[in-house]
Structure formats: structure tokens, C-alpha cells
Amino acid sequence: MHDTTAHNILALYTQVATLKLLPRTGWLQRGVPNAESIAEHSFGVAALALLIGDTIDGLDRGKLLAIAMLHDMAEALLSDLPASARRFIGAERKHEAERRALEEMLACLPNRAEYLALWEEYTRGCSREARLVKGIDRIEMLSQALAYERAGSRALGEFWEDIEDGWGNEFPILRDLAAELMERRGAG
């Protein structure tokens, strides 16, 4: 007989680990060879959350990192739906599908409600930690776009459009990081 908790954790981890095999669709659509996996992106977001979070007073680091780890977890069942898919299915339908996938994945965990609430916080941007992870998600994507451009990809200009916009005043570090990435891109 095995421990049910251990069994459930291993079953969920096995599902989540498939993110290591699933490429980010947006990069594939633009012809990027050897596109990063969803797990590689999620690791980048979590690493940046750890580093950036320490520069901002009053944040809950545990909550910040939990949101970073949860933000794309549903893609283990849904895959990475590109922005073009949202145009056809709508943001609310995409959100509902992701929520159902995450609910299914987390069903056997005792703290599933807490994880779902954190994921909802992220999708709705209703906490400082959630809004920071949303911004970090964008910074990580820009950093990856720069890496792909330096490796020779040329169809990524759209990722840099409106880079000065949408950062707000809540986290000036995000605007600074975006400016630094633009500077590095220009120095390319």
C-alpha cells in the first residue's frame, strides 16, 4: 500500500513535467528553431520573480513564487495557446478552459483551493504579487526574444512593439528592465 499524498503529488508532478516537452507556440509560429519549452519559460519567470521581488518592499516572496510557478501550469493539459488563438476563442473562454484544466490537475491536493485562488489572482491581476508576475512574464519573453534575435531569428519585431507602454508606475524596475533590454537589442 502506498501513501495517497505521495501518490497524488507524483501524479501531478508527472503531468506538470510534460511542460518540459511542450514548446512555446509563439516562437514556433515565427520559425524559431529549438524553441524554448513552457517549463523553460516558467523557470525564467520564477527566477526573475525571486530576483526582482527582493528589490520591492512589502511583497510576500512565497506568494510571488507560487504565482510564478502556477501561472502557466494549466498548459500541461492545454498546451501553449498563442495570442492568435485568443483572437478566435476569446479571453474569457481561454480563461475558463485554463481554470478547468488547473482544477482537474489540482483536484487531489488538499490545498487546491489556495492554488486556484493564487492562479485567479494572477489572471485578474488583483494583488501586487500577481501584477508583478504579469510584468515579469513579459520581461522574460522580451529577454528570450533578444536571445533568439542574437541567434539569428529575424521575425520577432512584433514582440518589441509598444515596449515603452503598459508598465505603469507600480514597479519601475520593470520599465528599467525593458529599457535595458531595448538598449542591448540596439547594441546587438
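Residues numbered from 1 in each chain as written. Predicted model: local features only at pLDDT ≥ 70, side-chain atom pairs only at ≥ 80, totals over all residues. Heavy atoms only, no water.

Chemist: Where do I start with helix α10 (residues 172–187) in this structure?
Modeler: Given a rise of 1.5 Å per residue, 16 residues ought to cover 22 Å, and the 23 Å separating the end C-alpha atoms of α10 matches this to within 8%. Residues of α10 that are buried include every one of Leu174, Ala178 and Leu181, and no others. Down the axis of α10, the smallest arc covering the buried residues is 60°, so these residues share one side. Of the exposed residues in α10, those oriented more than 90 degrees away from the buried face are Glu183, Gly186 and Ala187. On its buried face, α10 is in contact with α3 (38–53) and α9 (128–150). (Helix = DSSP H or I, 4+ residues; strand = E, 2+ residues; numbered from the N terminus. Expected span 1.5 Å × (residues − 1). Buried < 20%, exposed > 50% of the residue type's maximum accessible area, 1.4 Å probe, protein only. Arc of directions from axis to C-beta. Contact = heavy atoms within 4.5 Å.)

Chemist: What is the right way to look at the nonpolar core in this model?
Modeler: For soluble globular proteins, nonpolar side chains are generally found buried alongside one another. Formed by 48 residues in total, the largest nonpolar core has its most connected members in Trp27, Leu132, Trp160 and Leu174. No other element matches the 10 residues that α9 contributes to this core. If sequence neighbours within four positions are ignored, leucine 174 has contacts with Ile52, Leu132, Gly135, Ile136, Ile139 and Trp167. (Core = buried A, V, L, I, M, F, W, Y, C linked by side-chain atoms within 4.5 Å.)

Chemist: Quick question: what am I supposed to make of helix α4 (residues 61–70) here?
Modeler: Three or four residues apart is the spacing at which side chains of an α-helix point the same way, because the helix has 3.6 residues per turn. What α4 keeps buried is the set Leu64, Ile67, Ala68 and Leu70. Close packing links the buried residues of α4 with α3, α8 (112–124) and α9. Its side-chain oxygen placed 3.1 Å from the backbone nitrogen of glycine 62, aspartate 60 serves as the N-cap of α4. (Polar contact = N/O pair within 3.5 Å; in protein donor to acceptor, adjacent residues only side chain to side chain.)

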